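What follows is the residue order along each chain.
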Amino acid sequence: MTDSTVADTRRLNSKPQDLTDAYGPPSNFLEIDVFDPQIVGVGRTRYTTYQVRMRTNLPIFKLKDSCVRRRYSDFEWLKNELERDSKIVVPPLPGKALKRQLPFLGGEGLFEESFIEERRSGLEQFINRIAGHPLAQNERCLHMFLQEESIDRNYIPGKV
Amino acid sequence: MSFLGGLFGPVCEIDVLLNDAENRKTAELKTEDGKVEKHYLFYDGESVSGKVNLNVKQGGKRLEHQGIRIEFVGQIELFSDKSNTHEFVDLVKELALPGEITQNRSYDFEFMQVEKPYESYTGANVRLRYFLRVTIVRRLSDLVKEYELIVHQLATYPDVNNSIKMEVGIEDCLHIEFEYNKSKYHLKDVIVGKIYFLLVRIKIQHMELQLIKKEITGIGPSTATETETVAKYEIMDGAPVKGESIPIRLFLAGYDLTPTMRDVNKKFSVRFFLNLVLVDEEDRRYFKQQEIVLWRKAPEKIRKRNFHQRYESPEPRTQPVNAEQPEM
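What counts, and at which threshold
- Residues numbered from 1 in each chain as written.
- Chains lettered and ligands numbered in written order.
- Predicted model: local features only at pLDDT ≥ 70, side-chain atom pairs only at ≥ 80, totals over all residues.
- Heavy atoms only, no water.
- UniProt positions renumbered as here; feature names shortened; annotations may be inferred.
- Helix = DSSP H or I, 4+ residues; strand = E, 2+ residues; numbered from the N terminus.
- Phe/Tyr/Trp six-rings, centres within 6.5 Å; stacked < 30°, edge-to-face > 60°.
- Buried < 20%, exposed > 50% of the residue type's maximum accessible area, 1.4 Å probe, protein only.
- Contact = heavy atoms within 4.5 Å.
- Buried area = accessible area lost by both parts, 1.4 Å probe.
- Salt bridge = Lys/Arg side-chain N within 4 Å of Asp/Glu carboxyl O.
- Polar contact = N/O pair within 3.5 Å; in protein donor to acceptor, adjacent residues only side chain to side chain.
- Nonpolar A, V, L, I, M, F, W, Y, C, P; charged D, E, K, R; others polar.

### Brief notes about the UniProt feature "domain: PX" (unreviewed entry) in chain A
The sites that UniProt annotates as "domain: PX" (unreviewed entry) are residues 28–152 of chain A. This span, residues 28–152 of chain A, is 33% helix and 22% strand, and a straight line between its end C-alpha atoms measures 29 Å.

### Observations concerning the packing of aromatic side chains
Residue and element names in this part refer to chain B. This model, assessed by the stated rule, comprises eleven aromatic pairs over all chains. Ring centres of F72 and Y130 lie 6.0 Å apart, and the angle between their planes is 35°; this geometry places the pair in the tilted category. A residue pair is termed long-range when its members are at least 10 positions apart, and F72 in strand 7 (residues 68–78) and Y130 in strand 12 (residues 126–136) qualify at 58 residues. On the basis of relative accessibility, which here comes to 0%, the residue F72 falls in the buried class. The exposure class assigned to Y130 is buried, which follows from its relative accessible area of 0%.

### Some points on the interface of chain A and chain B
Chain A puts 25 residues into the contact, and the matching count from chain B is 26 residues. Here chain A and chain B share an interface that buries about 2400 Å² over both sides, 58% of which is from carbon and sulfur atoms. Applying the counting criterion to the chain A and chain B interface returns two salt bridges. Across the salt bridge formed by R129 of chain A and E282 of chain B, the nearest N and O atoms sit 3.3 Å from each other. Linking chain A with chain B are nine residue pairs in polar contact (both at pLDDT 80 or more). Residues that form the side of chain A that touches chain B fall into these classes: eight nonpolar, ten polar and seven charged.

This is the structure in structure tokens:
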């Protein structure tokens, strides 16, 4: 029995790629921007809202371009829903900043520019990480958060 | 060399010398603490013969004994239970009847065409070893000397060696087809394969191929699995799209591997797996593990040698040794 002393390391044959696949847009396009912080309300009941804009070509999302306004507690709501209903490890949100809400401390508290920017960036990171997770994409709460004008906290949780 | 002492200093040195030491190859094996040791290499069916030399120390007492013997031992030792070694081979030759040793002596021994069913192996939780053990039996405590050997198990090219080809994925997210050119590879082989992307709806950052070794010891409820990543090899950097094909070429000779060992003496197994790992931009990992069989190919010289050599009668020797009447 003879065997070659040098192994055959030639590549396996493969199908040539379709040019429309090679040069077309990728099927994984998903971008979410969190921007345009606005302070809503007066006095002690003021809070900040952010614009959340999603652009995607993933078939699981009904709208390929959606824009909604959300506040920090809405993000908290989404995190809690996902932690309860899905098996994924949910990434952390930027901090609650309870200290900033204390009235006797100086400065602008929650509405300080640098703090808002830090929070905006953290929220953007959070929502992009979540929305790209294949298991989170099955949850109704995520779709409601991203694509419906307001969040119905009495909704029926479930899968899409 | 060994320095075996009684209460009043060293009494006797026991040395083992193999007859064909000049022509015999050595092999390396890692010890339990990670050191690399070299010992003479044997294959299944080969005879093990040589001399036992006893070196009585000058000014030492006369060595009274109740017999001298040599054993060829094949042993499995589970590190979790070292007192209970299991000997699957134990051949004995009596070298001397009870008596006394007053001067240096030499005894010939031969174990003919010894069956060595398994390969020597040192792992995380188990060790399989072969050795010669010389015992000088005494009333209070025996003098024992162990002489380590290494055994390799050889195999021939498998008759059937199908490629592994499979389509896997996460529904609506990621579909790939992976292919490896064989299911059985020898230790110096090359894994040639490819990954074909059918659907990519996640943002992949890179893809790597891992070679994983699993050592499984124990049976039933008390099995312990020790997993080791022997090799990690990045095969793709960047985001692929549908229709792309990524080639794989992994040379096994660069890694410290043993053959696949299945259910050795019902005590342990050593198995190998290829683990294909895709990592997305958020560090989420998607993986598929696939078992491959590794086998040891006979070295060039052995294959060319007359295959019937192990069944030829041994060379006549100048000193005939008779097991029933050992030399005194």
